[in-house]
Amino acid sequence: MRMSDSSLRLVWVYPDLLSTYGDQGNALVVERRARQRGLDVMRIDVRSDQPVPTSGDIYLIGGGEDRPQRLAAERLRRDGGLSRAASNGAIIFSVCAGYQILGHEFINDLGEREPGLGLIDVVSTRGEGERCVGDVLADIDPQLGLPQLTGFENHQGITHLGPTARPFARTVLGRGNGTGDGTEGAYNDTVFGTYMHGPVMARNPQIADLLLKLALDVNALPPTDDRWYEALRAERIAAATQPA
Amino acid sequence: MSGNSEPLTPRAKLAVTAGKAAAAVSRAAGRGSGSVIGGRVALKLDPDLLGRLAQHLDVVLVSATNGKTTTTRLIAEALRASGPVVSNALGANMPAGITSALAGGSDARFGVIEVDEKYLAGVARDVTPKAIALLNLSRDQLDRAAETRMLAEKWREGLAGSKAMVIANADDPLVVWAASSSPNVVWVAAGQEWKDDAWSCPSCGGVMQRPGDDWFCGECGFRRPAPSWVLSGDHVIDPHGSAWPIHLQLPGRANKANAATSAAVAACFGVPPQVALERMYQVQAVAGRYDVVSFLGRDVRLLLAKNPAGWLETFSLIDPPPTPVILSVNARGADGTDTSWLWDVDYTRLAGHPIFVIGDRRLDLAVRLEVAGLDFRVCESVDEAVQSAPPGRIELIANYTAFQDVRRRVGN
Ligand SMILES: [Zn+2]
C-alpha cells in the first residue's frame, strides 16, 4: 500500500481560484467512495496563499476563469509543492483550467503564453471559433478499463497532445480537446486532465475508483450501491444522443 | 418633489398606448400578464421611452443575485408612506418589463424598480435614479450568464458616472468593489452567508482574509467599509445608533437583511425607519414565494432558491427536523441548462429531515444527496412527494422553472 499511514490524504488545490462548475464535487465523490470502502480520509483544502503539501495521495484541481487561472499557475510554479508531489508519484486529476495549468503552457487572460507545470505533455491555445459548450460522450482509453465517459464541457481552450501524453478518451459526441482529432483529455502515468465538468465524477464514479485503486495500489475495490449514479448516467447519455 | 407636470411627448404617448394594446392582446391570448410584450412594442416605437417615463418619478433601482424581488416589494411598501408608488412587482426586470410597469403608473411619485443584474448599468443610465440598492452578487446560471466578477466590473463602470445614492451591502466584497466607484454610498452591514464567490480579491486577485464578519485583502488593502446601517439579529441600527425592531411575515435572515437595506433606502427619501419597518410588515408573500398552500390535505410552504447562495439562505429558514422537505430542480433555459451548481450547495444541512426529490433533474439531485450521505426518496411528481411525506407542514424548495411548475400544480 502506497498510502501514508492508514488515512487517505485527499488534497483539493486552490478552491479559492479554481472551483467552477461544481468541480469540488469531484473531491466529495472521491471522499465518499473512499469512506464507503472503510478508508479514513483526510481532506486538505489548500488555499492559494498556503503551501501545497507534498505528501498527499490524491490531488484534485478544478476549472476557473481566466484571471484566477493565471494567478493559480503563477502560485503553483512559485510554490513547487504540486510538482514535487507528482515526482513522488502522487495521483493528480485536473479539470479544464486546471488541466491546462498541468500542461507545458496555455494562453492567459492577457493573451500571453503562460508556462504551466509540465506534468502532462500538452500545450493549450485559445480557440478562434465558438466556445465548446454542451454534453460530451467519449470512450475512455481501454488501458484504463473504464466505461464510457459522460460529461459537460464549457471552454474556449484547445489542447494539443505531445508525443508522450495519451488521450484520456476519444469523443463520440462533443469537442473534447477541441483539436478536431477526436481526443478528450490526456494523461501521463498518474497525472490526468479532462475538460469534463458536471462534475465529471458524479456521472463517472469509476474515475474516482480508478484514482483510489492507483493510490491504494490495488486492482479492485469492494462494490458500492451505484444505482443513482447508474440512473443518472443512463439519463444523461440518452439525453445527449437523442436529437433535441 | 417631482410631480407629473411635464407631459409625455406625442411619440411617447403613442408608444405607451401601443404597448398597452399589445399587452391586452397578449393577455387575451393567454400568455401571462403581457407586461413584457407590451414593453417591447412600446420600446420599439420610442427607444427613449424608459427614460421619459422615469423623468416624472423619484426612481429607486434594486439589483442583486438574490432577494431583489422581495426587496423591491419592501421598499415600495415603505415609500408608500410618502406617496404613490409604481413598481414592477411581478419581477419582469429587464428593460421591456420595466418600461411596461412604469407606463402603468402615471400618477405615481416613486418608481421602485427591480433590475436584472446584467441590465443594471444600462437602466441606471436611462432612468437617472435617485437611489440604487445593491444587495449581493454571486454565481447564478453559470453556463449562460457572464462571470460573476465581470458583472461586478460592469456595475462598477456603470455606477462611476451615476449621481444616485448607492445603498450597498458592506458584507459582500464584490458589491463593495462595484459600489465604491460611486461618490455617494451608504453602506449597510446586511450580512452574507455565502462566501464562495469572494475568496479572491475583486481588485487585485489576492487571497481575501475573512476573520469573523470582517474581510480584507492582505495584498492591496481593499477592505470592508465601515457601515452606517447595521443588521443586528432582529434589529436594524440606524446611523444615529438607534435600534429598530424588524417584524416581518416573511421568514429568514435574508429577509431581515432585505428589510435593513430597505429601511436605509426609505431614509434617503425621508421615511423614518420606524414607519418604513411597520409598513414592511404588511408584505406576506412575494410572487408566490413563502406562501403556505393547502394541497392534497397538507400544508406546503413554497420556497424559491435559484442558486447556491439562495439555497444556503433557504436552508437556514426552514423548520427544523423532522419537518419533511421536498426538493425540486429543473435545468430549462431560465434555470441555466447545467446542474453542476448543485455541488456548491451544502446539502448536509438537511440531515435529519425526511427528503423527497422531484423535478426534471431529480437524478442529478439524487446523486448529489447520495454523495452527501443523506436518506432521500425520488418521486415522479409533487403529488407523490406530498402524499409520501410524514405528518407536519412540508417545506418545498424549488429552483426557478420548477417553482413555476409547482405553483401551477398546487393552484397558487
Ligand atoms: Zn486586493
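Please read all numbers here as calculations on a predicted model, not as lab measurements.

### Some thoughts on the overall build of chain B
Turning to step 1, where the next piece is worked out: Of regular secondary structure, chain B possesses 14 helices and 17 strands.
Turning to step 2, where the next piece is worked out: Taken over 412 residues, chain B has a buried fraction of 57%.
Turning to step 3, where the next piece is worked out: Pairs at least 24 residues apart make up 66% of the contacts formed inside chain B by residues separated by at least 6 positions.
Turning to step 4, where the next piece is worked out: On chain B, roughly 15800 Å² of surface is accessible, and the fraction owed to carbon and sulfur atoms is 50%.

### Notes on the interface of chain A and chain B
Turning to step 1, where the next piece is worked out: Every contact between the two is made by 30 residues of chain A and, on the other side, 35 residues of chain B.
Turning to step 2, where the next piece is worked out: In total, about 2700 Å² of surface goes out of reach between chain A and chain B, with carbon and sulfur atoms giving 55% of it.
Turning to step 3, where the next piece is worked out: Ranking the residues of chain A by area buried against chain B places A:Tyr21, A:Arg67 and A:Trp228 at the top, with a combined share of 23%.
Turning to step 4, where the next piece is worked out: Along the contact surface separating chain A from chain B lie one salt bridge.
Turning to step 5, where the next piece is worked out: The shortest N-O distance in the salt bridge between A:Arg32 and B:Glu370 comes to 3.0 Å.
Turning to step 6, where the next piece is worked out: Linking chain A with chain B are seven residue pairs in polar contact (both at pLDDT 80 or more), by the criterion used here.
Turning to step 7, where the next piece is worked out: Those elements that place two or more of their residues in the side of chain A that touches chain B are helix 1 (24-36), helix 2 (66-79), strand 9 (149-155), helix 5 (200-203) and helix 7 (227-241) of chain A.
Turning to step 8, where the next piece is worked out: Of the residues that constitute the side of chain A that touches chain B, the class distribution is twelve nonpolar, eight polar and ten charged.

### Looking at the sheet that holds strand 1 (residues 58-63) of chain B
All names here are of chain B.
Turning to step 1, where the next piece is worked out: Overall, mixed pairing links the nine strands, which are arranged 2-3-1-4-5-6-9-10-11 in an open sheet. One side of each edge strand has no neighbouring strand; the edge strands of this open sheet are strand 2 (85-87) and strand 11 (243-245). Across the sheet, the mean angle from the axis of one strand to that of its neighbour is 20°, orientation sign disregarded.
Turning to step 2, where the next piece is worked out: Here three bridges tie strand 9 (residues 229-232) to strand 10 (residues 235-237), and the two strands are oriented antiparallel to one another.

### Remarks on the coordination of the zinc ion
Residues and elements named next belong to chain B.
Turning to step 1, where the next piece is worked out: At 2.2 to 2.4 Å from the zinc ion lie its protein donor atoms, namely Cys-201 (SG), Cys-204 (SG), Cys-217 (SG) and Cys-220 (SG).
Turning to step 2, where the next piece is worked out: One can describe the site at the zinc ion as tetrahedral: its four donor atoms subtend angles covering 100 to 113° at the metal.
Turning to step 3, where the next piece is worked out: Of note, the zinc ion draws all its donor residues from one chain, in the sequence arrangement C-x2-C-x12-C-x2-C. Here Cys-204, found in the loop between strand 6 (185-189) and strand 7 (208-209), pairs with Cys-217, found in strand 8 (residues 216-217); they are 13 residues apart in sequence, far enough to count as distant.
Turning to step 4, where the next piece is worked out: Classification of Cys-204 as partly exposed rests on a relative accessible area of 29%.

### Observations concerning the UniProt feature "binding site: substrate" (unreviewed entry) in chain A
Residue and element names in this part refer to chain A.
Turning to step 1, where the next piece is worked out: Under the UniProt annotation, "binding site: substrate" (unreviewed entry) lies at Arg-131.
Turning to step 2, where the next piece is worked out: Within the secondary structure, Arg-131 is located in the loop between strand 7 (122-126) and strand 8 (132-140).
Turning to step 3, where the next piece is worked out: When its relative accessible area of 40% is taken as the criterion, Arg-131 is described as partly exposed.
Turning to step 4, where the next piece is worked out: The residues contacting Arg-131, other than those within four sequence positions of it, are Tyr-21, Asn-154, His-155 and Gln-156.

### A look at the layout of surface pockets
Turning to step 1, where the next piece is worked out: In this model, the second largest pocket occupies a volume close to 640 Å³.
Turning to step 2, where the next piece is worked out: Forming the boundary of the second largest pocket are 29 residues, of which A:Gln24, A:Arg43, B:Asp196, B:Asp344 and B:Asp346 lie nearest the centre.
Turning to step 3, where the next piece is worked out: Of all the secondary structure elements, the ones that give two or more residues to the lining of the second largest pocket are helix 1 and strand 2 (40-46) of chain A together with helix 12 (362-371) of chain B.
Turning to step 4, where the next piece is worked out: The element best represented in the lining of the second largest pocket is helix 1 of chain A, accounting for six residues.
Turning to step 5, where the next piece is worked out: Broken down by class, the residue content of the lining of the second largest pocket amounts to ten nonpolar, five polar and 14 charged.

### Thoughts on the UniProt feature "binding site: Zn(2+)" (unreviewed entry) in chain B
Residues and elements named next belong to chain B.
Turning to step 1, where the next piece is worked out: As annotated in UniProt, the feature "binding site: Zn(2+)" (unreviewed entry) corresponds to Cys-201, Cys-204, Cys-217 and Cys-220 in the numbering used here. These residues run over 20 residues, yet every pair of their C-alpha atoms falls within 8.6 Å of each other. Within this annotated set, the largest cavity is lined by Cys-201.
Turning to step 2, where the next piece is worked out: Along the polypeptide, Cys-220 turns up in the loop between strand 8 and strand 9.
Turning to step 3, where the next piece is worked out: Apart from residues lying up to four places away in sequence, Cys-220 is in contact with Cys-201, Ser-203 and Cys-204.

### What about the sheet that holds strand 16 (residues 377-378) of chain B?
All names here are of chain B.
Turning to step 1, where the next piece is worked out: With mixed pairing, the six strands of this open sheet are ordered in space as 12-13-17-14-15-16. Looking along the sheet, the strands with just one partner apiece sit at the ends: strand 12 (292-295) and strand 16.
Turning to step 2, where the next piece is worked out: Of the strand pairs in this sheet, strand 14 (residues 325-328) and strand 17 (residues 394-398) are connected by four bridges, and their pairing is parallel. Among the inter-strand pairings, Ile-326 is bridged to a residue of strand 17, identified as Leu-396.

### Description of the UniProt feature "domain: CobB/CobQ-like glutamine amidotransferase" (unreviewed entry) in chain A
Turning to step 1, where the next piece is worked out: Per the UniProt record, the feature "domain: CobB/CobQ-like glutamine amidotransferase" (unreviewed entry) sits at residues 11-204 of chain A.
Turning to step 2, where the next piece is worked out: Segment residues 11-204 of chain A splits into 23% helix and 36% strand. End C-alpha atoms: 20 Å apart.

### Brief notes about the pattern of salt bridges
Turning to step 1, where the next piece is worked out: According to the stated counting rule, one finds 38 salt bridges over all chains in the structure shown.
Turning to step 2, where the next piece is worked out: For the salt bridge of B:Lys130 with B:Asp58, the shortest nitrogen-to-oxygen distance reads 2.9 Å. With a gap of 72 residues between them, B:Lys130 in the loop between helix 6 (120-127) and strand 4 (131-134) and B:Asp58 in strand 1 connect regions that are remote in the sequence.
Turning to step 3, where the next piece is worked out: The partner of B:Lys68 in a salt bridge is B:Glu117, and the shortest N-O contact between them spans 3.0 Å. Placement of the pair is B:Lys68 in helix 4 (residues 68-79) and B:Glu117 in the loop between strand 3 (110-114) and helix 6, with a sequence separation of 49 residues. Considered together, B:Lys68 and B:Glu117 belong to a single accessibility category, that of buried residues.
Turning to step 4, where the next piece is worked out: One continuous salt-bridge network, built from bridges that share partners, spans A:Glu31, A:Arg35, A:Arg43 and A:Asp45.

### Re the pairing of strand 3 (residues 58-61) of chain A
Residue and element names in this part refer to chain A.
Turning to step 1, where the next piece is worked out: By the alternation rule, side chains of strand 3 split into Ile-58 and Leu-60 and Tyr-59 and Ile-61, which are all buried.
Turning to step 2, where the next piece is worked out: Two strands pair when backbone bridges link them, and strand 1 (residues 7-13) and strand 3 are joined in this way by four bridges, in the parallel orientation. Residue pairing across strands places Trp-12 opposite Leu-60, the latter belonging to strand 3.

### Quick look at the nonpolar core
Turning to step 1, where the next piece is worked out: In this structure, A:Ile58, A:Leu60, A:Met201, B:Leu79, B:Trp311, B:Leu327 and B:Tyr347 are the most contacted members of the largest nonpolar core, which totals 138 residues.
Turning to step 2, where the next piece is worked out: If sequence neighbours within four positions are ignored, A:Met201 has contacts with A:Asn26, A:Val29, A:Val30, A:Leu60, A:Phe93, A:Ile207, A:Ala208, A:Leu211 and A:Tyr229.

### A short note on empty space enclosed by the protein
Turning to step 1, where the next piece is worked out: A complete count under the given rule lists three cavities of 30 Å³ or more for this structure.
Turning to step 2, where the next piece is worked out: Roughly 320 Å³ of internal volume is contained in the largest cavity.
Turning to step 3, where the next piece is worked out: Looking at the lining of the largest cavity, the elements with two or more residues in it are helix 2 of chain A together with helix 7 (148-160) of chain B.
Turning to step 4, where the next piece is worked out: Each residue belonging to the lining of the largest cavity can be placed in one class, and the counts come to ten nonpolar, five polar and seven charged.

### Some points on the side chain of A:Asp121
Residues and elements named next belong to chain A.
Turning to step 1, where the next piece is worked out: You can see Asp-121 is positioned in the loop between strand 6 (113-115) and strand 7.
Turning to step 2, where the next piece is worked out: Look at Asp-121: it is buried, it has no salt bridge, and the nearest opposite charge is Arg-166 at 12 Å.
Turning to step 3, where the next piece is worked out: Within the structure, Asp-121 has its side chain in polar contact with the backbone nitrogen of Thr-164 (distance 2.9 Å).
Turning to step 4, where the next piece is worked out: Look past the residues within four positions of Asp-121 in its chain and what remains in contact with it is His-104, His-160, Leu-161, Gly-162, Pro-163, Thr-164, Ala-165 and Asn-188.

Basis of the calculations
Residues numbered from 1 in each chain as written. Chains lettered and ligands numbered in written order. Predicted model: local features only at pLDDT ≥ 70, side-chain atom pairs only at ≥ 80, totals over all residues. Heavy atoms only, no water. Helix = DSSP H or I, 4+ residues; strand = E, 2+ residues; numbered from the N terminus. Buried < 20%, exposed > 50% of the residue type's maximum accessible area, 1.4 Å probe, protein only. Contact = heavy atoms within 4.5 Å. Areas by Shrake-Rupley, 256 points an atom, 1.4 Å probe, with all protein chains shown as cover. Buried area = accessible area lost by both parts, 1.4 Å probe. Salt bridge = Lys/Arg side-chain N within 4 Å of Asp/Glu carboxyl O. Polar contact = N/O pair within 3.5 Å; in protein donor to acceptor, adjacent residues only side chain to side chain. Nonpolar A, V, L, I, M, F, W, Y, C, P; charged D, E, K, R; others polar. Pairing = 2+ DSSP bridges. Axes fitted to C-alpha atoms, helices over the stretch in contact; angles between N-to-C directions. Donors = N, O, S within 2.8 Å, 3.2 Å for Na, K, Ca; no water. Tetrahedral: all angles 85-135°; square planar, octahedral: opposite > 155°, others 65-115°. UniProt positions renumbered as here; feature names shortened; annotations may be inferred. 1 Å grid on protein atoms, 1.4 Å probe; cavity = no way out; pocket = protein on both sides within 12 Å on 5 of 7 lines; lining within 4 Å. Points joined across faces, edges and corners; volume = space filled by probe spheres on them. Core = buried A, V, L, I, M, F, W, Y, C linked by side-chain atoms within 4.5 Å. Lys, Arg positive; Asp, Glu negative; His and termini not counted.

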